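Structure assessment
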Amino acid sequence: MARVLVTGRIPQPGIDLLEQAGHEAIVWAGPGPMPRGELLRCVEGASAVVSLISERIDAEVLTAAGPSLRVVSNVAVGYNNIDVPACSAAGVVVTNTPGVLTDATADIAMALILMVTRRLAEGERLVRSGRPWGWSMFTMLGTDIRGRQLGVVGMGQIGTALARRARAFGMSVVYSNRGEADPAAVSELGARRVEMDELFATSDVVSLHCPYTAETLHLVSAARLQTMKQTAYLINTSRGPVVDEAALVDALASGVISGVGLDVFEHEPEVHPGLLDRDDVVLLPHLGSATVETRTGMAVLAARNTVAVLAGQPPLTAVRA
Ligand code: GLV
């Protein structure tokens, strides 16, 4: 029986899989994220860590775990909370959960596009406020997305799934990507690959789907925002630090762009106060993968990865260092 530390509550089918494979799951049940001290204490002697994005898994955790640790299974597709080179150096496999959350996250990105261009959150606030309102020809006009250009930064699975949705709404798609995007999807969508500078300068909606790495930190900087159209919107469902949030607040305040939809924040869960009282901003509490089905799929995939590595088999979805 191996000890598996699960750093926060996950859907039961994930725990069941670990236990059916004969492992002991030690789950941090809260309240709140697992305190660092608890993590360092509980990880000692564990063979596996099933980690949530709220926990940083780094050299200190690896040292606290000791030589028994064989796998860190992140219950997320993004793994910027894990020091992958340190894990590799310690011979610890790292896995994530791609695929199972693609549609749920693309749905949230599309929802943010509609919310910000059609002023949906602002309208909802108005109705709830009790302030007088009534239909009029010029009340709360938004902007059409049909015929407009979506720029996808990071044409991986989620970016491609968003592009598919945007095409159904009549948008054209350009993208920039580090590697090769899925050629079949790109040709089916009529998506055009462009340089990042062109993407930002010509798109009506820019949506971020790249991982957060040293290279993508503040990819959306003050300078980059200045290159966007004044009528453009920015959507972020990837990771907060990809956007320089202070620069974004300045850009909105000075009318450099028309609006923003954010599901993630630079200093999550803190939100820059300059975003809170603006009507051209839509703010969601990191809901990208937050459906019962998707979170269950993530827990199950993380558990299957854990069980596979502990059984000496290759993981299903390993992260490469
Ligand atoms: C959530 O943010 C994820 O990366 O899966």
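Rules behind the numbers
Residues numbered from 1 in each chain as written. Predicted model: local features only at pLDDT ≥ 70, side-chain atom pairs only at ≥ 80, totals over all residues. Heavy atoms only, no water. Near = heavy atom within 4 Å. Polar contact = N/O pair within 3.5 Å; in protein donor to acceptor, adjacent residues only side chain to side chain. Areas by Shrake-Rupley, 256 points an atom, 1.4 Å probe, with all protein chains shown as cover. Nonpolar A, V, L, I, M, F, W, Y, C, P; charged D, E, K, R; others polar. Domains from an automatic or database assignment. Contact = heavy atoms within 4.5 Å. Buried area = accessible area lost by both parts, 1.4 Å probe. Salt bridge = Lys/Arg side-chain N within 4 Å of Asp/Glu carboxyl O. Buried < 20%, exposed > 50% of the residue type's maximum accessible area, 1.4 Å probe, protein only. Helix = DSSP H or I, 4+ residues; strand = E, 2+ residues; numbered from the N terminus. Pairing = 2+ DSSP bridges. Right-handed = clockwise from strand over helix to strand, strands pointing away. UniProt positions renumbered as here; feature names shortened; annotations may be inferred. Axes fitted to C-alpha atoms, helices over the stretch in contact; angles between N-to-C directions. Parallel < 35°, antiparallel > 145°, perpendicular 65-115°, else oblique. Left-handed = near helix turned anticlockwise from the far one by under 90°.

1. Comments concerning the site of the ligand
- Looking at the ligand, the residues that line it are A76, V77, G78, L101, R239 and H286.
- Within the contact set of the ligand, an oxygen atom lies 2.8 Å away from a backbone nitrogen or oxygen of G78.
- About the coverage of the ligand: the protein hides 89% of its 190 Å² of free accessible area.
- Class assignment for the residues of the shell around the ligand results in 3 nonpolar, 2 polar and 1 charged.

2. Some thoughts on the domain arrangement of the protein
- Here the domain parsing of the protein yields domain 1 (3-100 + 292-310) and domain 2 (102-283).
- Using only C-alpha atoms to locate each centre, domain 1 and domain 2 end up separated by 31 Å.
- Between domain 1 and domain 2, the residue contacts involve 9 residues of the former and 6 residues of the latter.
- For the pair domain 1 and domain 2, the summed buried area comes to about 510 Å², and 47% of that belongs to carbon and sulfur atoms.
- Where domain 1 meets domain 2, there are 0 salt bridges.
- The interface formed by domain 1 and domain 2 contains 2 residue pairs in polar contact (both at pLDDT 80 or more).
- Looking at side-chain class alone, the side of domain 1 that touches domain 2 contains 5 nonpolar, 4 polar and no charged residues.

3. Re the pairing of strand β3 (residues 48-51)
- The alternating pattern of β3 places A48 and V50 on one face and V49 and S51 on the opposite face, and all of these are buried.
- By the bridge criterion, 3 bridges tie strand β1 (residues 3-6) to β3 in an arrangement that is parallel. Within β3, the position partnered with V6 by the bridge is V50.
- Summarising the sheet, β3 and strand β4 (residues 71-74) pair through 4 bridges and their orientation is parallel. Looking at β4, one finds that A48 is bridged to V71.
- For the crossover from β3 across helix α3 (residues 59-65) to β4, the handedness is right-handed.

4. Structural notes on the UniProt feature "domain: D-isomer specific 2-hydroxyacid dehydrogenase catalytic" (unreviewed entry) in the protein
- UniProt's entry tags residues 4-319 with the feature "domain: D-isomer specific 2-hydroxyacid dehydrogenase catalytic" (unreviewed entry), counted in the numbering of this structure.
- Helix makes up 37% of residues 4-319 and strand makes up 14%, while its end C-alpha atoms are separated by 19 Å.

5. Quick word on the sheet that holds β3
- Here 5 strands make up an open sheet; going across it, the order is β2-β1-β3-β4-β5 and the pairing parallel. One side of each edge strand has no neighbouring strand; the edge strands of this open sheet are β2 (24-27) and β5 (93-95). For this sheet, the mean inter-axis angle between neighbouring strands, taken without regard to orientation, is 15 degrees.
- This element, helix α1 (residues 12-20), spans β1, β2 and β3 of the sheet and lies at about 145 degrees to β2.

6. Structural notes on the packing of α1 against helix α13 (residues 292-310)
- As a packed pair, α1 and α13 sit with axes 7 Å apart at the nearest point and diverge in direction by 15 degrees. As judged from the angle between their axes, α1 and α13 are roughly parallel. Judged by the sense of rotation from one axis to the other, the crossing of α1 with α13 is right-handed. Contacts between α1 and α13 involve P13, G14, L17 and L18 from the former and T296, A299, V300, A303, R304, T306 and V307 from the latter.

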